[in-house]
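Fold and contact review
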Amino acid sequence: MKGLKWIALLLIIIGGINWLLIGVFNFNLVHFIFAKVYVIERIIYVIVGISALICIPMLKSCCAKSSSDTKDKE
């Protein structure tokens, strides 16, 4: 399961970079690569979205660790 979380996190980072390119340069890398195969483009977006859902529980552990670090410093 740990490998799945790392893959999901990597896909979210790639998706975030794609959104950065869209926002700054109005360039959609996923569409550029898969423009002729619309179905694959949609599948890529679904996979990135599922990856985000997989990583939601990671927030709880990350935030808990962060708040315990803050308490230790006080």
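Our subject is the structure listed above.
Overview of the structure. (Residues numbered from 1 in each chain as written. Predicted model: local features only at pLDDT ≥ 70, side-chain atom pairs only at ≥ 80, totals over all residues. Heavy atoms only, no water.)

Here we come to a nonpolar patch on the surface. Nonpolar side chains collect at one region of the surface, where Leu20, Val24, Phe25, Phe27, Leu29, Phe32 and Ile33 lie side by side and expose about 730 Å² of accessible area between them. Mapped by element, the contributors of at least two residues to the nonpolar patch are α1 (2-25) and α2 (29-34). Turning to its location among the elements, Leu20 is positioned in helix α1. Under the relative-accessibility criterion, Leu20 is labelled exposed at 52%. (Patch = residues over 30% accessible without salt bridge, like charges linked within 9 Å, V, L, I, M, F, W, Y side chains within 5 Å. Areas by Shrake-Rupley, 256 points an atom, 1.4 Å probe, with all protein chains shown as cover. Salt bridge = Lys/Arg side-chain N within 4 Å of Asp/Glu carboxyl O. Helix = DSSP H or I, 4+ residues; strand = E, 2+ residues; numbered from the N terminus. Buried < 20%, exposed > 50% of the residue type's maximum accessible area, 1.4 Å probe, protein only.)

Turning our eyes to something else, we now look at the packing of aromatic side chains. Inspection of the entire model under this criterion finds one aromatic pair. Taking the centre distance of 5.3 Å and the plane angle of 50° together, the rings of Phe27 and Phe32 count as tilted. By relative accessible area, which is 32% here, Phe27 ends up partly exposed. Overall, Phe32 belongs to the exposed group, its relative accessible area being 58%. (Phe/Tyr/Trp six-rings, centres within 6.5 Å; stacked < 30°, edge-to-face > 60°.)

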